[in-house]
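Residue-level structure breakdown
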Amino acid sequence: VEATAAAMPFNENKAAEHGREAALDPPEGTQIVPPSSLVTASTLAESNTSEKLGTRAEEGANPTVGSLDRVRVDSSGQRLTTNQGVPIADNQNSLKAGLRGPALLKDFILREKITHFDHERIPERIVHARGSGAHGFFESYKNQRKLTRAAPFQEAGKITPVFVRFSTVAGERGSKDTARDARGFAVKFYTDEGNWDLVGNNMPVFFIQDAMKFPDLVHAAKPEPHHQMPQAASAHDTFWDFVSLMPESTHMLMWLMSDRAIPRSYRMMQGFGVHTFRFVNERGQSSFVKFHWTPLQGTHALLWDEAVKISGCDPDYHRRDLWEAIEAGAYPEWELGVQIFSEEDAERFSFDILDATKIIPEELVPITPLGRMVLNRNPDNFFAETEQVAFCTAHVVPGIDFTNDPLLAGRIHSYVDTQLSRLGGPNFHEIPINAPIAPVHNNQRDGLHRQAIHRGKVSYEPNSLGGGCPFQAGAAGFVSFPEPVEQDEVRGKPEKFAEHFNQAALFFNSQTPVEQAHIAAAFRFELSKLTVPAIRQRVVSMLRNASEELAAQVAEGLGMPLPDAMPRALPKPPKAEVDVSQPLSMFARPGNTGVATRKVAIFVGDGVDGDQVAKAQQALLDAGAVGRLVGPRVGIFTAADGSEIDADASFENEPSVLFDGVIIPDGEGTAKVWARDGRAAEFVKDQFRHLKTILALGEAVAFVEGAGVLRDEGDPGLLLQSEPEDAAVNQFLEALALHKHFGRETDPPML
Ligand code: HDD
């Protein structure tokens, strides 16, 4: 029997659940054979064509599959059992003293089921609770042995499996994806010398310079403790109170108020290691590095109004986007690069490379590309993989080492520590998603949930009874970089940490006018939500040190006089090396994947031009975009030529904000029906307001204009063709590839 819903039209056992006879002789459950396309452990293992070393990556290859195969569970064709493997006769009824009698305590099957259920949840992450993960691989372009002995970079073409988790920071596990927030970008490399976790964000700087302030920052950013509001939002008193008393946060606030904080997709964000790390080569020589992930898909964002509306109609927007792209085989890809510099370079910079509130402008140190990362497999199970994955900055491998960044120091402690309570004990490294593919041998023993069964009587070193094993690796193992330390023990900060505004100014001045306007609007929105005017004033006074222009715009937007500038910690700040750095603009990275994975609505209804619908659908498919037929309801409509068109979405269940563009075909009276449907007009208005590409053909043009769209011949995203041109859909695709049409944007929006 094929595994479709049609194969099980109704529950034929339902009647047999009743009465004494059924209780004594419960029926076997209905079963179906899984369809051949169902991916099972064995079919996945067959597709595992990549070797760890010396091979080139192949699309669809999943180097992690082999290692996780041993723990995969596939229940197709299997009987239901208890956790002890006892077959369960009846999964519908608890054990009772008589059909209408009390339930019995000895019902171990009910009790096991309920008890397990009662403990299904684990504590959510204190930050980054909301996230989505994917498997993939990293492929090194070259042998980088001169630079580092880290395993992933030892051969050209070497493949290292990875698991990546993207996240928002402040919201809880079930919060919306499109909150204004930084995004986590955490990568676990399963190298053959152990696991290396690069736990970064989509912004290259951080709010604070010292881990001592992290709990304060998070308490201020999280929902306020007395009433637990607002959820997944920074627009509230405590957040702005804290950051405005911490001027070192100004640079990060610029990033946070920029469109980086509302990405179009996890696939369209950069990633950064943030801190300065070290690469160490075989000879023990070290260079400083900053890690950068650059998306092939380009860096693109939503508009704020769009983000707000998406959070209502699809809170899983980014999760769904990542999942669907990977399922469709449009594997997202990033290039990993590093800025490499020496101790001497670092001393010359006007800023301190140990200060996580600073970037190194690419004009000072360009990015050297190292390899590419491709995400090509969705997890089998969200909890087992995405929820239980434990990233720790302490997880480094030979060839990679820390610097004295005081924020990093705190992180090296914090991540391992938090897993102890989140995952319930010290053996979280044995959870399959966390287990390295490199073998693990040591004398650590026991603890909650221990999986390994260690053999023999030796669990100490040195020993003679175990032949001295496991023996220490010596120079082949992790040797900490011998950084000289010769200073007084003090609680304090180096002088260069006192300059807080140069790079905030650099960031703002490097943005396009469109991006600058969005930053000003974001500050205006966030600060408008505050209930304490003094906090607003403090933020604006802080902004004056970064940009007078921005501060003035924000003050005007809030209807308040411009306050005095905040006194600086350093009255005479050092001069910055560069005033403008073009790579800091999102527009510097349009990407090279064109319209692939972009979502387009094709309006349908009775009387629609079926030929135009079919041609549009085919053209989108050919271009790798996703066309959805959207009508007043889902289901069958009759086109003008009598053919049937099956709408798979409706104005109600997939509103405008879920699409990157819309095609509105001609028809016989169809547009008149749309014109009477407020949801259709709303759809078109939002497409226009959110700067998307609109193609209207024939009688649909009048409908679009009636919906409030302002005709402008110079707007490349507005294709209104009363006489449809042959190239109409191609023109649409070209305009769609531009992502948004910012020339249309006004503040406030004109409609
Ligand atoms: Fe953190 C999670 C990124 C500073 C303490 N952090 C966490 C995650 C990311 C980051 C991406 C989610 C990992 C996952 O998907 O499971 N954190 C950063 C970046 C920082 C940073 C880029 C600054 C450069 N974090 C930071 C500091 C501390 C922490 C200074 C503490 C001193 N972070 C944690 C944590 C979390 C965490 C509490 C929560 C859950 C977890 O670790 O596994 O330990």
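Residues numbered from 1 in each chain as written. Predicted model: local features only at pLDDT ≥ 70, side-chain atom pairs only at ≥ 80, totals over all residues. Heavy atoms only, no water.

**Description of the overall build of the protein chain**
Scanning the protein chain from terminus to terminus reveals 21 helices and 18 strands. Against the compact-globule benchmark of 27 Å for 751 residues, the protein chain has a radius of gyration of 29 Å, which places it among compact chains. In terms of principal-axis extent, the alpha carbons of the protein chain reach across some 85 × 80 × 55 Å. When burial is assessed residue by residue, the protein chain has 49% of its 751 residues classed as buried. (Helix = DSSP H or I, 4+ residues; strand = E, 2+ residues; numbered from the N terminus. Rg over C-alpha atoms; globule rule 2.2 N^0.38 Å. Buried < 20%, exposed > 50% of the residue type's maximum accessible area, 1.4 Å probe, protein only.)

**Re the environment of Gln511**
In this fold, Gln511 is placed in the loop between helix H13 (502-509) and helix H14 (513-528). Given the relative accessible area of 7%, Gln511 is considered buried. Through-space distance from the C-alpha of Gln511 to that of Gln582 is 7.6 Å; in sequence the pair is 71 residues apart. Beyond its immediate sequence surroundings of up to four residues, Gln511 is in contact with Gln516, Ile519, Leu584 and Ser585. (Contact = heavy atoms within 4.5 Å.)

**Structural notes on the domain arrangement of the protein chain**
Domain annotation for the protein chain reports domain 1 (131-430), domain 2 (499-587) and domain 3 (599-744). Centre-to-centre, using C-alpha coordinates, domain 1 lies 25 Å away from domain 2. Taken together, the contacts link 39 residues of domain 1 with 39 residues of domain 2. Summed over both partners, the interface of domain 1 with domain 2 comes to about 3,400 Å²; 65% of that surface belongs to carbon and sulfur atoms. For the domain 1 face of the interface with domain 2, the top three residues by lost area are Asp237, Trp240 and Met254, together amounting to 19%. If you look at where domain 1 meets domain 2, you find two salt bridges. Two residues, Asp241 and Arg538, come together in a salt bridge whose shortest N-O distance is 2.5 Å. Applying the counting rule to domain 1 against domain 2 returns 15 residue pairs in polar contact (both at pLDDT 80 or more). (Domains from an automatic or database assignment. Buried area = accessible area lost by both parts, 1.4 Å probe. Salt bridge = Lys/Arg side-chain N within 4 Å of Asp/Glu carboxyl O. Polar contact = N/O pair within 3.5 Å; in protein donor to acceptor, adjacent residues only side chain to side chain.)

**Description of the UniProt feature "active site" (unreviewed entry) in the protein chain**
As annotated by UniProt and renumbered to match this structure, "active site" (unreviewed entry) occupies His128 and Asn201. In sequence the annotated residues extend across 74 residues, while in space they remain close, none of their C-alpha pairs exceeding 10.5 Å. Within the secondary structure, His128 sits in the loop between helix H4 (108-118) and strand S1 (131-140). Overall, His128 belongs to the buried group, its relative accessible area being 18%. (UniProt positions renumbered as here; feature names shortened; annotations may be inferred.)

**Section: the packing of aromatic side chains**
Applying the stated criterion across every chain, the model contains 33 aromatic pairs. Geometrically, the ring pair formed by Phe277 and Phe291 is tilted, given 5.7 Å between the ring centres and 55 degrees between the ring planes. With a gap of 14 residues between them, Phe277 in strand S6 (residues 277-280) and Phe291 in strand S7 (residues 286-295) connect regions that are remote in the sequence. With 5.3 Å between their ring centres and 70 degrees between their planes, Phe603 and Trp674 make a pair best called edge-to-face. With a gap of 71 residues between them, Phe603 in strand S11 (residues 599-603) and Trp674 in helix H18 (residues 670-675) connect regions that are remote in the sequence. Of the two residues, Phe603 and Trp674, both sit in the buried class. (Phe/Tyr/Trp six-rings, centres within 6.5 Å; stacked < 30°, edge-to-face > 60°.)

**With respect to the UniProt feature "binding site: heme" (unreviewed entry) in the protein chain**
UniProt records the feature "binding site: heme" (unreviewed entry) for Arg125, Arg165, Phe214, Arg411, Tyr415 and Arg422 in the present numbering. Residue placement: Arg411 occurs in helix H12 (residues 406-422). Since its relative accessible area comes to 14%, Arg411 is described here as buried. Discounting residues that sit within four places of it in the chain, Arg411 has contacts with Val199, His275 and Thr393. Within the secondary structure, Arg422 is located in helix H12. With sequence-adjacent residues up to four places away left out, Arg422 is seen in contact with Ile122, Pro123, Glu124, Arg125, Glu387, Gln388, Val389 and Ala390.

**Things to note about the sheet that holds S11**
In space, the six strands of this open sheet follow the order S15-S12-S11-S16-S17-S18, with parallel pairing throughout. The open sheet has two edge strands with one neighbour each: strand S15 (649-650) and strand S18 (718-721). Relative to strand S17 (residues 693-697), strand S16 (residues 661-664) runs parallel, the two sharing four bridges. Bridging across to S17, Ile664 finds its partner in Ala696. (Pairing = 2+ DSSP bridges.)

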